[in-house]
Amino acid sequence: MSVTRLNTDDRQLKTKDMKTIKVKLGARSYNIFIASGLLKELGRLLGNYGNFTKVLILTDKNIEKFYGPIVAENLSTYKPKVVALEPGEGQKNLSTVESLYHKFLEHGIDRKSLIVAVGGGVVGDIAGYAAATFMRGIPYVQVPTTMVAQVDSSIGGKTAVNLPEGKNLVGCFYQPRAVFIDTETLKTLPVGEVTEGMVEVIKYGVIRDPSLFSFLEEHLAGVLRLEQWHIERLITSCCKIKAWVVSKDEREETGFRSILNYGHTLGHALEALGGYKGYRHGQAVAMGMILATKIAMRMGLAGEYLLGQQKGLLSRVGAPTDYNIEEVKQAFELLYRDKKAIGGRLRFVLPVKIGKVILRDVSPEVIKEIL
Ligand SMILES: NC(=O)c1ccc[n+]([C@@H]2O[C@H](COP(=O)([O-])OP(=O)(O)OC[C@H]3O[C@@H](n4cnc5c(N)ncnc54)[C@H](O)[C@@H]3O)[C@@H](O)[C@H]2O)c1
Ligand SMILES: [Zn+2]
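What you see is a predicted model, and the numbers here were worked out from it, not measured in a lab. Once a new chain begins, its residue numbering starts again from 1 and follows that chain's sequence as written. Numbering of ligands from 1 and lettering of chains from A proceed in the order in which they are written. Local features are withheld for residues below a pLDDT of 70 in this predicted model, meaning they are given only at 70 or higher, and side-chain atom pairs are given and counted only at 80 or more; totals for whole chains, interfaces and linings count all residues.

Attention now goes to the overall build of the protein chain. Counting secondary structure elements, the protein chain contains 14 helices and 11 strands. Note on method: radius of gyration uses C-alpha positions; expected globular size equals 2.2 Å times residues raised to 0.38. The C-alpha radius of gyration of the protein chain comes to 20 Å, within 12% of the 21 Å expected for a compact globule of 371 residues. For the protein chain, the spread of C-alpha atoms along the principal axes amounts to about 65 × 40 × 35 Å. Burial is judged by counting the other C-beta atoms within 10 Å of a residue's own C-beta: 20 or more makes it buried, 12 or fewer makes it exposed, and any count in between marks it as partly exposed, with every C-beta position built from the backbone. Taken across its 371 residues, the protein chain has 45% of its residues classed as buried. Here the analysis covers contacts within the protein chain between residues at least 6 apart in sequence; of these, 72% occur between residues at least 24 apart. Every helix listed is a DSSP run of H or I at least four residues long, and every strand listed is a run of E at least two residues long, numbered separately from the N terminus. Any pair of residues counts as being in contact when their C-beta atoms, constructed from backbone geometry, are within 7 Å of one another.

Here the focus is the pairing of strand β10 (residues 346-353). Summarising the sheet, β10 and strand β11 (residues 356-362) pair through 7 bridges and their orientation is antiparallel. Residue pairing across strands places Leu350 opposite Ile358, the latter belonging to β11. Where β10 hands over to β11, the hairpin turn is made up of 2 residues, of which Gly355 adopts a positive phi near 100°. At least two bridges found by DSSP between two strands are what make those strands a pair.

As a further point, take the site of ligand 1. Every one of the 28 residues lining ligand 1 counts as a neighbour, but Asn62, Gly120, Gly121, Thr146 and Ser153 are closest to it. Residue assignment for the shell around ligand 1 shows that the elements contributing at least two residues are α3 (61-74), α5 (121-133), α6 (147-153) and α7 (191-208). Only the C-beta atom, placed from the backbone, is used; a residue is near a molecule or strand if that atom lies within 6 Å of it.

Turning our eyes to something else, we now look at the nonpolar core. For this entry, the nonpolar core is defined as buried Ala, Val, Leu, Ile, Met, Phe, Trp, Tyr and Cys residues connected by C-beta atoms within 7 Å. Formed by 108 residues in total, the largest nonpolar core has its most connected members in Ile32 and Ile115. The residues contacting Ile32, other than those within four sequence positions of it, are Ile21, Val23, Ile155, Val179, Ile181, Cys239 and Ala243.

To obtain an axis, a line is fitted to C-alpha atoms, over the contacting stretch when the element is a helix, and the angle between two such axes runs from 0 to 180 degrees between their N-to-C directions. One can describe the packing of α7 onto helix α8 (residues 210-224) by two numbers: an axis separation of 6 Å at closest approach and a directional angle of 135°. Here α7 is positioned oblique relative to α8, judged by the angle of their axes. Contacts between α7 and α8 involve Ile202, Tyr204, Gly205 and Val206 from the first element and Leu212, Phe213 and Leu216 from the second. Note on residue classes: Ala, Val, Leu, Ile, Met, Phe, Trp, Tyr, Cys and Pro are nonpolar, Asp, Glu, Lys and Arg are charged, and everything else, Gly too, is polar. Looking at the contact of α7 with α8 residue by residue, the classes come out as 6 nonpolar, 1 polar and no charged. Here is the rule for angles: anything less than 35 degrees is roughly parallel, anything more than 145 is roughly antiparallel, 65 through 115 is roughly perpendicular, and the remaining ranges are oblique.

Turning to α3, a few remarks are in order. Compared with the 20 Å implied by 1.5 Å per residue over 14 residues, the 18 Å span of α3 between its first and last C-alpha is a close match. At Tyr67, α3 is bent by approximately 70°, the largest bend along its length, and proline Pro69 sits one to four residues beyond. Among all positions in α3, only Ile63, Glu64, Tyr67 and Val71 are buried. Taken together, the buried residues of α3 touch α2 (42-46), β3 (55-60), β4 (81-85) and β5 (114-119). Under the convention used throughout, the expected extent of a helix is 1.5 Å for every residue step, that is, one less than its residue count. Throughout, bend refers to the angle between the axes fitted to the seven residues that end at a position and the seven residues that start at it.

Within the secondary structure layout, Ser214 lies in helix α8. Accessibility expressed as a C-beta count within 10 Å gives 14 for Ser214, which makes it partly exposed. For Ser214 and Gln309, which are 95 residues apart along the polypeptide, the C-alpha to C-alpha distance reads 9.8 Å.

Bridge count between strand β7 (residues 158-163) and strand β8 (residues 166-173): 5 bridges; the pairing is antiparallel. Counted as the bridge partner of Val161 is Val170 from β8. Hairpin geometry of β7 and β8 is characterised by an intervening segment of 2 residues between the two adjacent antiparallel strands.

Keep in mind that most residues, glycine aside, have a negative phi and that most peptide bonds are trans. Its identity is not glycine, yet Asn168 carries a phi of approximately 55°, on the positive side. Along the polypeptide, Asn168 turns up in strand β8. Despite not being glycine, Tyr276 has its phi angle at roughly 60°, a positive value.

To continue, consider the environment of Asp17. Turning to its location among the elements, Asp17 is positioned in the loop between α1 (9-15) and β1 (19-23). Taking the number of C-beta atoms within 10 Å as the measure of exposure, Asp17 has 11 and is therefore exposed. Residues Asp17 and Ser36, 19 residues apart in the sequence, show an inter-C-alpha distance of 8.9 Å.

Frequently, the measure chosen for interface size is the accessible area removed from exposure when the parts meet. Domain parsing of the protein chain yields domain 1 (9-189) and domain 2 (191-371). All the domain ranges listed were derived from an automatic or database domain assignment. Distance between the C-alpha centres of domain 1 and domain 2: 27 Å. For the side of domain 1 that touches domain 2, the elements supplying multiple residues, two or more each, are β1, β2 (30-35), α6 and β8. Looking at the side of domain 1 that touches domain 2, the element that brings in the most residues is α6, giving 5 residues.

Let us look at α8. Taking 1.5 Å of rise per residue, the 15 residues of α8 would be expected to cover 21 Å, and the 19 Å separating its terminal C-alpha atoms lies within 8% of that figure. Glu218 marks the point of greatest bend in α8, at about 70°. Regarding α8, the residues found buried are Leu212, Phe213, Leu216 and Val223. Those residues of α8 that are buried are in contact with α7, α9 (228-248) and α12 (304-316). Positive phi appears at Leu226, one or two residues downstream of α8, with a value of about 60°.

Shown next, in the form of structure tokens:
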């Protein structure tokens, strides 16, 4: 699929402080645009991507309440059809996708149309998967409105829905045409959702960016007050890292993309253990980061100081800084049972210092010693 080149209008916007980050993927390359108040420019920006016969906006009912009017007004020339799902992970399934296909047909959506995903990771993942599979693939763009979506899920083209047996089991890689981030939308986000996103932000600092990590240490109060200068700075750093990792290993084939899974090996298992009704993703990942750091310390790869640095930031964003040993033991049983271990060893992303992680297979003995 060819990428429509941007016209000079984008240059105009750049001078108005819009950050642009390119996700370099050859013919599938695309831009991430970041600005406070960007929603008001959405219609004009989309104009640079060609003439779409029809536009369908997929969102959820919470987001529609806050941003439905502004998005609809801004895209009014396209006479868009708006589909607002019930909010929440419960919608991320194949029956939602099937009902969307029917809506697409009703509205005359075809391969010359555009799907606009306005929302968090749930809306983005569903929209991406529906767009990827309808008529063998139709264009879509992401307009992420949660911290998690702005730093993580909207970038990189992983699309998926859940099965009763597990999360994200049905999906594919399908890149959006562009990602439009309006940092101001975070102002209406519940505090718990900010924490969810901040854990991933801290993760980016640990895996790749010491200056992001020290920025957080110094300016966390401003970040948590959602002051736009702070937020734009940190979203931009995270998007740069995600774009860079994805462009080096789009489909997680070389293993490089898995550095993004720092804290997630144990995190995913803890979530699954609670049937996804216990710990939230961010809480579980925070515990996973602590455990991975303790493993690194045990293996002589990291020092105590690294643990303290991460605990410091995690506690300030309201995330856990410790775990329940019994739960972690059960999580490991689950990981071994699910055959996640190769030759008895589990692969972990381990931190060496702020800004550097390595992939290592960890023996059951090391894990036993820690627990
Ligand atoms: N594709 C990927 O690479 C990737 C990466 C990470 C996570 N994910 C997926 O993302 C999902 C989690 O995404 P999420 O954390 O954004 O959750 P979410 O989409 O459920 O949004 C969280 C809540 O915030 C509300 N909301 C969204 N934007 C708002 C705003 N601006 N103001 C007020 N309320 C708002 C939503 O209605 C919802 O209730 C999971 O399904 C996860 O698997 C995917
Ligand atoms: Zn995550």
